Amino acid sequence: MCDKDQHMIGCGCSARRGFLKMASAATALGLAGGGLFTSPLYADALTKAQRDSMTSDQIIAVMKAGNERFRAGVRKDRNYLNEQRASATGQYPAAVLLSCIDSRAPAEVIMDLGIGDIFNCRLAGNIENPDILGSMEFACKLAGAKVVLVMGHTACGAIKGAIDNAELGNLTGLLEKIKPAVQATTYAGDRSANNYTFVDAVARKNVEMTVANIRKDSPVLAELEAKGTIKITGAMYNLETGVVEFF
Ligand SMILES: [Zn+2]
């Protein structure tokens, strides 16, 4: 029933049809709300129909609302086993994130998302490179994600390392890619890694530059954005307040 290549991004196999039927019944009953990941009644997995019915801005709104739930301590009571089973035959993630490896900034947790909701590329200092761009192009052009979100965070060790000119094995080369953001950051005070205000200013500039670099280095994504199919944007996560601030 399923074409092998199509199965990854969507198919009409019986299991999926059954799920879509359930989903449209839920929509008819007004239970599905603004999208699967906002409805406590439908927390199994995002379907293609549900993802495709949302705009980029609505998807960003869902992520914001999830972060508000996280901060309020009212995260959804998820059944990960149900999410795993519901998503096993196909995935329809709404967004692709590029975030830092920092253990305190797991996007799915801090935005109360579930299995199958987003792709997440994680790399120290959340900078782009050809492999990351290839992953994003797959996520948007082939798999249908509608948002590319670069999420930096406060007190980032990679940013501090770039400011300090830290050197260690392969890390040296990675930090080199963050240094243009250090240089581009306008800051009159103490420009050292001990000054968290400066560190966070560089992290923000690094997100802005990464967003610009994604547009510049990926004609595939730039074209999707120009056509209004996707939105490419940035955010900063504050480790102390738990707030994800969208640009
Ligand atoms: Zn970091």
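The coordinates are above.
Our subject in this report is the structure included herewith. Being a predicted model, the structure only gives us computed values, none of them experimental.

Scoring rules and cut-offs
Residues numbered from 1 in each chain as written. Predicted model: local features only at pLDDT ≥ 70, side-chain atom pairs only at ≥ 80, totals over all residues. Heavy atoms only, no water. Helix = DSSP H or I, 4+ residues; strand = E, 2+ residues; numbered from the N terminus. Buried < 20%, exposed > 50% of the residue type's maximum accessible area, 1.4 Å probe, protein only. Areas by Shrake-Rupley, 256 points an atom, 1.4 Å probe, with all protein chains shown as cover. Donors = N, O, S within 2.8 Å, 3.2 Å for Na, K, Ca; no water. Contact = heavy atoms within 4.5 Å. Phe/Tyr/Trp six-rings, centres within 6.5 Å; stacked < 30°, edge-to-face > 60°. Salt bridge = Lys/Arg side-chain N within 4 Å of Asp/Glu carboxyl O. Expected span 1.5 Å × (residues − 1). Arc of directions from axis to C-beta. Polar contact = N/O pair within 3.5 Å; in protein donor to acceptor, adjacent residues only side chain to side chain. Pairing = 2+ DSSP bridges.

### As for the overall build of the protein chain
Piece 1. Counting its secondary structure elements, the protein chain contains 12 helices and five strands.
Piece 2. Every one of the 247 residues in the protein chain was classed for burial, and the buried ones make up 49%.
Piece 3. When the accessible surface of the protein chain is summed, it comes to about 11,700 Å², and 55% of that surface belongs to carbon and sulfur atoms.

### Observations concerning the coordination of the zinc ion
Piece 1. Those protein atoms acting as donors to the zinc ion are C100 (SG), H153 (NE2) and C156 (SG), and they sit at 2.1 to 2.3 Å.
Piece 2. Read N to C, the donor residues that coordinate the zinc ion are spaced as C-x52-H-x2-C. Of this pair, C100 sits in the loop between β1 (95-99) and α6 (107-110) while C156 is found in the loop between β3 (147-153) and α8 (157-163), placing the two residues 56 residues apart along the sequence. Neither C100 nor C156 differs from the other in exposure class; each is buried.

### Things to note about the environment of S218
Piece 1. Here S218 lies in the loop between α11 (196-217) and α12 (219-226).
Piece 2. Look at S218 and you get buried, because its relative accessible area is 0%.
Piece 3. Considering only alpha carbons, one finds S218 and E137, 81 residues apart in sequence, at a separation of 8.0 Å.
Piece 4. Aside from chain neighbours lying at most four places away, what touches S218 is L133, E137 and N213.

### Points about unusual backbone geometry
Piece 1. Even without being glycine, N126 reaches a positive phi, approximately 35°.
Piece 2. By secondary structure assignment, the location of N126 is in the loop between β2 (118-122) and α7 (130-142).
Piece 3. Accessibility expressed as a relative area gives 3% for N126, which makes it buried.
Piece 4. Positive phi outside glycine occurs at A155, with the angle close to 50°.
Piece 5. Relative to the elements of secondary structure, A155 occurs in the loop between β3 and α8.

### Remarks on the packing of aromatic side chains
Piece 1. For the coordinates displayed, the defined rule picks out two aromatic pairs.
Piece 2. Summarising the aromatic geometry, the rings of F119 and F138 are spaced 5.8 Å apart at their centres and angled 75° between planes, so their arrangement reads as edge-to-face. In this pair, F119 sits in strand β2 while F138 sits in helix α7, placing the two residues 19 residues apart along the sequence.
Piece 3. We classify F119 as buried; its relative accessible area is 15%.
Piece 4. Plain terms: the ring middles of Y187 and F198 are 5.3 Å apart, the flat faces sit at 45° to each other, and that makes the pair tilted. Residue Y187 is found in the loop between α10 (179-184) and α11, and its partner F198 is found in helix α11; the two are separated by 11 residues along the sequence.
Piece 5. We classify F198 as buried; its relative accessible area is 1%.

### Side note on the pattern of salt bridges
Piece 1. A complete count under the given rule lists 14 salt bridges for this structure.
Piece 2. The closest approach of N and O atoms between R78 and E83, which form a salt bridge, is 2.5 Å.
Piece 3. Owing to a relative accessible area of 1%, E83 belongs among the buried residues under this scheme.
Piece 4. Among the salt bridges present, the one from D112 reaches R78, with a minimum N-O distance of 3.6 Å. Residue D112 is found in the loop between α6 and β2, and its partner R78 is found in the loop between α4 (56-72) and α5 (80-87); the two are separated by 34 residues along the sequence. Comparing D112 with R78, the two get one shared label, buried.
Piece 5. One network of salt bridges, in which partners are shared, links R69, R75, R78, E83 and D112.

### Observations concerning α7
Piece 1. In this model α7 runs 17 Å from its N-terminal to its C-terminal C-alpha over 13 residues, within 8% of the 18 Å that 1.5 Å per residue would give.
Piece 2. All buried positions along α7 are accounted for by I132, L133, M136, A139 and C140. Seen from one end, α7 has its buried residues packed into an arc of 125°, which puts them on one side. More than 90 degrees from the buried face of α7, the exposed residues found are P130, D131 and L142.
Piece 3. One side-chain oxygen of the residue at the start of α7 lies 2.9 Å from the amide nitrogen of D131, identifying that residue as N129.
Piece 4. In the stretch just after α7, G144 is the one whose phi turns positive, near 90°.

### Quick look at the pairing of β1
Piece 1. For β1, a buried count of five out of five residues is recorded, marking the element as mostly surrounded by other parts of the structure.
Piece 2. Both faces of β1 are covered, namely the face carrying A95, L97 and S99 and the face carrying V96 and L98.
Piece 3. Where β1 lies against β2, five bridges are found, and the strand directions are parallel. Residue S99 lies in a different strand from β2, and its bridge partner there is R122.
Piece 4. Bridging between β1 and β3 involves five bridges; their strand directions are parallel. Residue L98 lies in a different strand from β3, and its bridge partner there is V150.

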